[in-house]
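Residues per chain, in single letters:
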Amino acid sequence: MGRLAILSGNGALPQRLADAQPDAILVSFAGVAHDLQRASEVHAFEKMGTLFASLKAQNVSEIVMAGAMSRPPLDPSAFDAVMTGLAPRLIAAMQGGDDALLRLVIAIFEEQGFRVRGAHEIDPTLTVDAGLLCGAALSEITGNDVAKGIAILETLSPMDVGQGVVVENGLCLGIETLQGTDALLNFVAATPLHLRKMGGVFVKAPKRGQDLRVDMPTIGPDTITAMKTAGLSTLVIASGAVLLLECDDTIRLAKQANITVFARDT
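Nothing here was measured: the structure is a model prediction, and the numbers come from that model. (Residues numbered from 1 in each chain as written. Predicted model: local features only at pLDDT ≥ 70, side-chain atom pairs only at ≥ 80, totals over all residues. Heavy atoms only, no water.)

S.K.: What's the story with the overall build of the protein in this structure? I'm lost.
M.R.: Tallying secondary structure elements over the protein gives 9 helices and 13 strands in all. For the protein, the share of sequence-separated contacts (at least 6 apart) that also reach a separation of at least 24 residues comes to 69%. Accessible surface, the protein: about 12600 Å² in total, of which carbon and sulfur atoms supply 55%. Side chains of the protein carry 21 positive and 29 negative charges; the gap between the two charge centres is 2 Å. (Helix = DSSP H or I, 4+ residues; strand = E, 2+ residues; numbered from the N terminus. Contact = heavy atoms within 4.5 Å. Areas by Shrake-Rupley, 256 points an atom, 1.4 Å probe, with all protein chains shown as cover. Lys, Arg positive; Asp, Glu negative; His and termini not counted. Charge placed at Lys NZ, Arg CZ, Asp CG, Glu CD.)

Right, here's the structure in full:
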């Protein structure tokens, strides 16, 4: 049976998977920060042939991509033969949204004979079932805001825009774009008070048809802290389709901030 390799970006998720799979090979990338607590192989994006060869030599049959990773600057003069061959496809995909690029990355690894798995497959406790995780039951007004948030995300899904939206008393205060969740919640926090009634809803869910093996929406303690600063009262996530990091701390902070957390069937 082959081995698992964890391809690491930034954040706590790669280390959590490493704890769950102590025999896994850890891979980090030059120029990409990571929080791994044990040694990892370091590879360059320009040398994908070297990465593939190393994984195969170590009998790796499965990979999981975990952690935040922005689009890296690439030095074409450093490309190896494999990367040179892949470059036209990657450059074309990079002109689109993240979903198109990540689908291509999955395809490239599969072409090399690796099975690509999702973090939630490695550690099923990363997602939650539908239900109220903490706080009060959703009011009619909150329920209407949730419904509008879901409708906005579904409408935007074909555009490959984002995975989050904030709605407050029927008004959309912000949509997550390439800049990510922190930028969205900071933007909402900066909204003038005369335009708000406070107590809005943050809805986090994958795009329709999104491949959940990569770039699954993620929340954690920092999400709750940012929501509190933004004056939001409710977090709604897609059950089984949003990674909930540091679950106990996240729920504890939500209770302290009087923020309701609800997982909704999609």
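S.K.: Is there a simple way to think about helix α4 (residues 98-111) in this case?
M.R.: When the terminal C-alpha atoms of α4 are compared, their 20 Å separation across 14 residues agrees well with the 20 Å that a helix rising 1.5 Å per residue should span. Taken together, the buried residues of α4 touch β1 (3-8), α2 (48-57), β4 (60-66), α3 (81-94) and β5 (115-117). The first or second residue beyond α4 is G113, which carries a positive phi of 95°. (Expected span 1.5 Å × (residues − 1).)

S.K.: Explain the nonpolar core here, please?
M.R.: Looking at soluble globular proteins, one finds that nonpolar side chains tend to be buried together. Counting 35 residues, the largest nonpolar core has V166, F202, M227, L232 and L235 as its most contacted members. The set of elements that each furnish at least two residues to this core consists of α6 (140-156), β7 (164-168), α7 (181-189), β9 (200-204), α8 (221-230), β11 (232-238), α9 (247-256) and β13 (260-264). Sort the elements by how many residues they give to this core and β11 lands first, with 5 residues. Setting aside its immediate chain neighbours within four residues, V166 contacts L171, C172, L173, G174, L184, L185, V188, V201, F202 and L232. (Core = buried A, V, L, I, M, F, W, Y, C linked by side-chain atoms within 4.5 Å. Buried < 20%, exposed > 50% of the residue type's maximum accessible area, 1.4 Å probe, protein only.)

S.K.: Teacher, can you tell me more about the packing of aromatic side chains here?
M.R.: Remark: the centre distance and the inter-plane angle together describe each pair of aromatic rings, the angle taken between the planes. A complete count under the given rule lists 4 aromatic pairs for this structure. Pairing F52 with F109 gives two aromatic rings, centres 5.3 Å apart and planes at 90°, and the pair type is edge-to-face. Taken together, the residues F52 in helix α2 and F109 in helix α4 connect sequence positions 57 residues apart. A ring pair is formed by F52 and F114, whose centres lie 6.3 Å apart and whose planes are at 35°; its orientation type is tilted. Of this pair, F52 sits in helix α2 while F114 is found in the loop between α4 and β5, placing the two residues 62 residues apart along the sequence. Across this residue pair, the class does not change: F52 and F114 are buried. Aromatic ring contacts, followed pair by pair, group F52, F109 and F114 into a single cluster. (Phe/Tyr/Trp six-rings, centres within 6.5 Å; stacked < 30°, edge-to-face > 60°.)

S.K.: Is there a simple way to think about the pattern of salt bridges in this case?
M.R.: All chains considered together, the criterion is met by 12 salt bridges. Among the salt bridges present, the one from R117 reaches E62, with a minimum N-O distance of 3.2 Å. Remark: E62 occurs in strand β4 and R117 occurs in strand β5; sequence separation between them is 55 residues. Judged by its relative accessible area of 18%, R117 is buried. Overall, E62 belongs to the buried group, its relative accessible area being 13%. Here D160 makes a salt bridge to K207, at a shortest N to O gap of 2.5 Å. Here D160 is found in the loop between α6 and β7, whereas its partner K207 is found in the loop between β9 and β10 (218-219), with 47 residues between them in sequence. Owing to a relative accessible area of 16%, D160 belongs among the buried residues under this scheme. Look at K207 and you get buried, because its relative accessible area is 8%. What you see here is one network of salt bridges that share partners, running through E62, R115 and R117. (Salt bridge = Lys/Arg side-chain N within 4 Å of Asp/Glu carboxyl O.)

S.K.: Even after reading the chapter, I still don't get the sheet that holds strand β8 (residues 171-175), so can you show me in this structure?
M.R.: Taken together, 6 strands build an open sheet; the order of strands is β6-β13-β11-β9-β7-β8 and the sheet is mixed. A single partner strand is all that each edge strand has here, and the edge strands are β6 (131-134) and β8. For this sheet, the mean inter-axis angle between neighbouring strands, taken without regard to orientation, is 25°. Pairing analysis gives 4 bridges linking β7 to β9, with the strands arranged antiparallel. Residue pairing for β9: V166 is matched across the bridge by F202. This element, α7, spans β7, β8, β9 and β11 of the sheet and lies at about 20° to β7. Docked against the sheet, α9 engages β6 and β13, running at close to 75° with respect to β6. (Pairing = 2+ DSSP bridges. Axes fitted to C-alpha atoms, helices over the stretch in contact; angles between N-to-C directions.)

By themselves, these figures tell us nothing about what the structure is for.
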